[in-house]
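# Descriptive structure summary
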Amino acid sequence: MGNEEAGSLLGVGAGAGRSDERPPPLPPRPSQLSMSKSKDRPPLQSKPTTALSSMTIQTLSFPDGSRGTFSTPTDSAADSATANAAASPSPPTDDHDVSAMGLHTISTPRKQDTDESMSVMSMAPTLRPPGDLESLLVEDMAKKSPAWVLLRSQSAAVLPFETIRAEQSTMFTGFEREFDDIPDESAADGNDADRLRLWKSKLKHYMILSSAGKPIYSRHGDLALINSSMGVVQTIISFYEGAKSPLLGFTAGDARFVIVTEGPLYFVAISRLGESDSQLRAQLNALYMQILSTLTLPGLTNIFAHRPSTDLRRPLQGTETLLSSLADSFTKGSPSALLGALECLKLRKSHRLSINNAFLKARADSLLYGLIVAGGRLVSVIRPRRHSLHPSDLQLIFNMLFESGGIKAAGGENWIPLCLPAFNNQGYLYMYVSFLDGRPADSAHTTTDSAAANDATAIILISPDKESFFALQKMRDDVVTELKKKGHLDLIKAAANKSRPLVTEIAPSTQISHFLFKSRANVQFCMPSLQSTFSSLISHRRLMSLYSHLHAAMHARHSHLKVLHCVSDEATSLAWVTPIFEFYCVAGPNTSRTVMTQGANKIMQWAKREEERLFIIGGGVF
């Protein structure tokens with residue numbers, strides 16, 4: 001039995017080794033069978049949805065600032081590689097056709113890429129792709145429906161600062177009481193604790209003291225209340241000066257302290273309004289100029305040269321109202337102080353030229369400068385050929401005449417010795433001031449703007465000769481006679497009594513709520529009416545705080561910004577600075593950059609078109 005099994009095994013092996021015997025053929029494979037049966041069937045129209053195709057995404061920036069993305073074919077190297085792969089024979093796959101498994105080789109024609117890319121995202125209407133893929137995948141979804149356009153147009157009508165939340169308005173909650181006086185020590189209805197609490201509640205303080213620690217001026221509080229605080233400030237400043245490192249400023253809590261040292265005087269500003277150091281320093285320099293306009297620099301130096309502990313309040317007695325009115329204009333927000341420029345009354349070029357000629361025709365020999373001012377805005381100026389008035393000097397004159405109220409209340413004629421520090425801080429000039437009372441005969445306008453309400457018109461004549469009062473008085477009479485004869489005086493009063501134009505009158509259909517435009521060559525600016533969006537004290541302060549932030553960002557040290565666009569929950573703002581002009585504007589929080597730019601361009605065109613009416617270019621020269 002064992003031999004039979006062995007023989008059978010050998011017989012099988014011998015049969016397999018013979019060349020004339022072959023095994024029977026195997027049945028066909030199912031894949032080959034199905035392929036052979038489907039040769040006559042047309043190809044399927046469906047395409048695979050799991051295939052990946054390479055594409056290059058490029059971004060295109062449009063002039064309005066928006067971006068668009070789109071796909072392009074891959075580079076030529078990839079295309080040539082694909083073509084070579086399609087032309088070369090496929091590698092062996094053990095007689096298996098990969099197409100039978102539902103896959104394609106890399107040499108799939110590129111015409112299928114568009115169809116395959118549609119599987120990247122779902123077309124469900126509730127989903128939206130990212131912004132960079134929107135134009136690539138669903139280009140029609142960029143089109144807004146009429147309902148969306150209507151909703152956007154309504155939301156764009158939201159005015160600046162209308163959406164301020166309650167917790168954001170705490171800083172300005174008590175701003176309307178910022179200028180209320182603190183009761184004196186002798187007041188029966190208040191104690192020291194209440195007076196100190198009121199003093200600390202003020203958002204802005206100005207202090208002036210001497211290097212010996214003597215208090216000179218404080219905007220809020222009397223001497224008994226602020227004496228200890230000034231002593232602390234003087235100690236801190238003296239400590240740093242002793243270390244040969246002058247103290248310029250520091251921050252304590254939410255308050256910013258800025259210090260300016262001018263000879264024997266220390267000027268301190270304490271602000272919680274978010275102003276920059278350079279802006280606060282410019283305000284303190286203006287207060288210093290106000291003191292020099294009263295004492296002159298040699299007079300101030302001589303006072304402290306003999307007695308360093310001199311109490312300067314006595315020489316400055318009577319000028320506290322000038323310092324306070326100047327400080328209050330900074331706290332309320334002064335475009336003129338922020339921009340370092342003056343605002344002019346809008347007049348026709350021919351009318352202004354005629355006024356200048358009347359001035360020049362009646363000019364006295366001792367005249368240095370002649371000005372006509374109406375409603376706090378400059379109407380006309382005549383000057384020597386090689387001399388010009390600095391804006392800071394004119395701001396001191398305007399503050400004295402229109403802000404403090406003392407001289408204007410007196411009316412009539414005034415003869416005032418005055419030092420103009422930017423012109424010459426060594427001596428006095430003499431200023432003849434005459435207010436022209438009465439309203440224009442044909443005035444049909446109602447004053448609505450706070451600045452235009454002050455429609456007083458004044459003629460200002462400045463001379464270095466203290467004996468020239470009567471010569472300047474005669475010149476004033478001749479000028480007024482000539483202006484009345486030609487009807488220019490009523491024209492000036494009507495223009496001063498009329499409010500500034502609205503933004504919608506300057507640039508129709510614009511969404512800009514307010515703007516400031518400064519001509520850098522003329523050192524003058526213009527702005528529209530504050531009515532009615534920014535007529536209140538708080539809204540005006542918010543507006544000026546926003547302008548202060550824009551101005552500080554554009555003029556910061558080592559900053560090379562030309563255009564700045566800021567978006568917040570309260571407002572949208574734009575700053576644009578060139579060597580020719582400075583432009584700042586504010587709009588609602590939903591205003592787009594494109595709309596802001598279009599509105600700014602309209603205002604620029606208006607300012608260029610009305611330049612000779614808005615600004616005094618050159619003035620009268622003799």
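Preceding this paragraph is the structure being described.
In what follows, the accompanying structure is described. (Residues numbered from 1 in each chain as written. Predicted model: local features only at pLDDT ≥ 70, side-chain atom pairs only at ≥ 80, totals over all residues. Heavy atoms only, no water.)

### Considerations on the environment of histidine 205
Definition in use: For helices the rule is a DSSP run of H or I covering at least 4 residues; for strands it is a run of E covering at least 2, with both sets numbered from the N terminus onward. Buried means the residue's accessible area, taken with a 1.4 Å probe over protein chains only, is under 20% of the maximum for its type, while exposed means over 50%, and partly exposed covers the values in between. Whether two residues are in contact is decided by their heavy atoms: any pair within 4.5 Å suffices. Here a polar contact means two N or O atoms within 3.5 Å. Within protein one must be a hydrogen donor candidate and the other an acceptor candidate, and residues neighboring in sequence count only if both atoms are side-chain atoms.
Counting through the fold element by element, histidine 205 comes out in strand 3 (residues 204-210). Take histidine 205: its relative accessible area is 5%, and that puts it in the buried class. C-alpha of histidine 205 to C-alpha of threonine 331: the two residues are 126 residues apart in sequence and 9.0 Å apart in space. Those residues in contact with histidine 205, other than ones at most four positions away along the chain, are Trp199, His220, Val268, Ala269 and Ile270. At 3.1 Å, the side chain of histidine 205 and the backbone oxygen of tryptophan 199 are in polar contact.

### Regarding the nonpolar core
Note the threshold: Nonpolar core, defined: a set of buried Ala, Val, Leu, Ile, Met, Phe, Trp, Tyr and Cys residues in which side-chain atoms within 4.5 Å join the residues together.
Counting 29 residues, the largest nonpolar core has Leu371, Ile397, Met431 and Ile462 as the members making the most contacts within it. Mapped onto this core, the elements with two or more residues apiece are strand 9 (369-374), strand 10 (377-383), helix 14 (391-403), strand 11 (413-418), strand 12 (429-436) and strand 13 (457-463). Residue contributions to this core peak at 6 residues, all from helix 14. With residues up to four places along the chain from it excluded, the contact list for isoleucine 462 reads Ser366, Leu367, Leu368, Tyr369, Leu371, Ile397, Leu420, Leu429, Tyr430 and Met431.

### As for the sheet that holds strand 11
We count it as follows: DSSP bridges decide pairing: two strands pair if at least two such bridges lie between them. Axes here refer to lines fitted to C-alpha atoms; in helices the fit is confined to the stretch in contact. Angles between the N-to-C directions go from 0 to 180 degrees.
Strand order in this open sheet of 6 strands is 11-12-13-9-10-19, and the pairing throughout is mixed. With one partner strand each, in any of the chains shown, strand 11 and strand 19 (620-621) form the two edges of the open sheet. As paired elements, strand 9 and strand 13 share 6 bridges and run antiparallel to each other. Directly across from isoleucine 372, in strand 13, lies its bridge partner isoleucine 459. Along the sheet, helix 14 contacts strand 9, strand 10, strand 11, strand 12 and strand 13; its crossing angle with strand 12, the most-contacted strand, is approximately 45°.

### Concerning the sheet that holds strand 4 (residues 215-218)
Spatial ordering of the open sheet is given by 4-3-7-6-5, a layout of 5 strands whose pairing is antiparallel. Either end of the sheet is taken by a strand with one partner, and the two such strands are strand 4 and strand 5 (249-252). Each strand of the sheet is rotated relative to its neighbour by a mean of 15°, with strand direction disregarded. With 4 bridges connecting them, strand 5 and strand 6 (residues 255-262) associate as antiparallel partners. Residue pairing in the sheet places glycine 249 in a bridge with valine 258 of strand 6. Strand contacts of helix 11 (residues 320-332): strand 3 and strand 4, with the helix running at about 140° to strand 3, the strand carrying the most contacts.

### Some points on unusual backbone geometry
In this structure, valine 523 takes a positive phi of about 55° despite not being glycine. Mapped onto the fold, valine 523 is located in the loop between strand 14 (512-519) and strand 15 (524-526). One non-glycine residue, histidine 558, adopts positive backbone phi at about 65°. Mapped onto the fold, histidine 558 is located in the loop between helix 20 (537-554) and strand 16 (563-567).

### Things to note about helix 13 (residues 349-361)
Quick note on the threshold: By this rule, a helix spans an expected 1.5 Å times one less than how many residues it contains.
Taking 1.5 Å per residue as the helical rise, helix 13 with its 13 residues ought to reach 18 Å, and the 18 Å between its terminal C-alpha atoms agrees with that figure. For helix 13, every residue scored as buried is listed here: Arg352, Ser354, Ile355, Asn356, Ala358 and Phe359.

### Thoughts on helix 21 (residues 593-609)
So the rule is basically this: In this description, the arc belongs to the directions extending from the helix axis to the C-beta atoms.
The end-to-end C-alpha separation of helix 21 is 24 Å, in line with the 24 Å expected for 17 residues at 1.5 Å each. Met596, Gly599, Ala600, Ile603, Met604, Trp606 and Ala607 are the residues of helix 21 that are buried. End-on, the buried residues of helix 21 take up no more than an arc of 160°, which puts them together on one face. Away from its buried face, by an angle of more than 90 degrees, helix 21 presents the exposed residues Gln605, Lys608 and Arg609.

### Structural notes on the pattern of salt bridges
Inclusion rule: Salt bridge, as applied in this entry: a Lys or Arg side-chain nitrogen positioned within 4 Å of an Asp or Glu carboxyl oxygen.
Under the criterion given, the structure shown has 14 salt bridges. In this structure, glutamate 482 engages lysine 486 in a salt bridge whose closest nitrogen and oxygen atoms are separated by 3.5 Å. Pair noted here: glutamate 482 and lysine 486 are both in helix 17 (residues 469-486), with a separation of 4 residues, about one helical turn. Note on lysine 486: relative accessible area 48%, which makes it partly exposed. As a salt-bridge pair, arginine 613 and glutamate 610 come within 3.8 Å of each other at their nearest N and O atoms. Take glutamate 610: its relative accessible area is 14%, and that puts it in the buried class. Salt bridges linked by common partners bring Lys346, Glu610 and Arg613 together as one network.

### Points about the pairing of strand 9
Summarising burial for strand 9: 6 of the 6 residues are buried, a large majority. Burial of the side chains of strand 9 extends over both faces: Tyr369, Leu371 and Val373 are buried on one face and Gly370, Ile372 and Ala374 on the other. Strand direction decides the pairing type here: strand 9 and strand 10, joined by 5 bridges, are antiparallel. Residue glycine 370 lies in a different strand from strand 10, and its bridge partner there is isoleucine 382. Where strand 9 folds back on strand 10, the antiparallel hairpin that results is connected by 2 residues, among which glycine 375 adopts a positive phi of roughly 60°.

### Some remarks on the environment of phenylalanine 359
Relative to the helices and strands, phenylalanine 359 resides in helix 13. The exposure class assigned to phenylalanine 359 is buried, which follows from its relative accessible area of 0%. The sequence separation of phenylalanine 359 and isoleucine 382 amounts to 23 residues, and the corresponding C-alpha distance is 7.3 Å. For phenylalanine 359, the contacting residues outside a window of four places in its chain are Gly370, Leu371, Ile372, Ser380, Ile382, Ile459, Leu461, Met475 and Val479.

### A short note on a negative patch on the surface
Applicable threshold: By definition, no residue in a patch forms a salt bridge, and every one has over 30% relative accessible area; like charges are joined within 9 Å, nonpolar side chains (Val, Leu, Ile, Met, Phe, Trp, Tyr) within 5 Å. For the area figures, the Shrake-Rupley method with a 1.4 Å probe applies, and any residue is considered shielded solely by the protein chains shown. By the counting scheme adopted, Arg and Lys are positive, Glu and Asp are negative, and His together with the chain ends is not counted. Every charge is mapped onto a representative atom, which is NZ of Lys, CZ of Arg, CG of Asp or CD of Glu.
Residues Asp180, Asp181, Asp184 and Glu185 make up a contiguous surface patch of negative charge. Following the sequence through the fold, glutamate 185 ends up in the loop between helix 6 (146-155) and helix 7 (192-201).

### A closer look at the pairing of strand 17 (residues 572-577)
On a regular strand, each side chain points to the face opposite its neighbour's, so the side chains alternate between the two faces of the sheet. Most of strand 17 sits inside the fold, with 5 of its 6 residues counted as buried. Pairing between strand 16 and strand 17: 5 bridges, direction antiparallel. The residue bridging leucine 564 from the neighbouring strand is alanine 575, located in strand 17. Between strand 16 and strand 17, which follow one another and run antiparallel, lie 4 residues. By the bridge criterion, 6 bridges tie strand 17 to strand 18 (residues 581-587) in an arrangement that is antiparallel. In the sheet register, valine 577 faces strand 18, and the bridge partner there is glutamate 582. The loop that links strand 17 with its antiparallel partner strand 18 comprises 3 residues.

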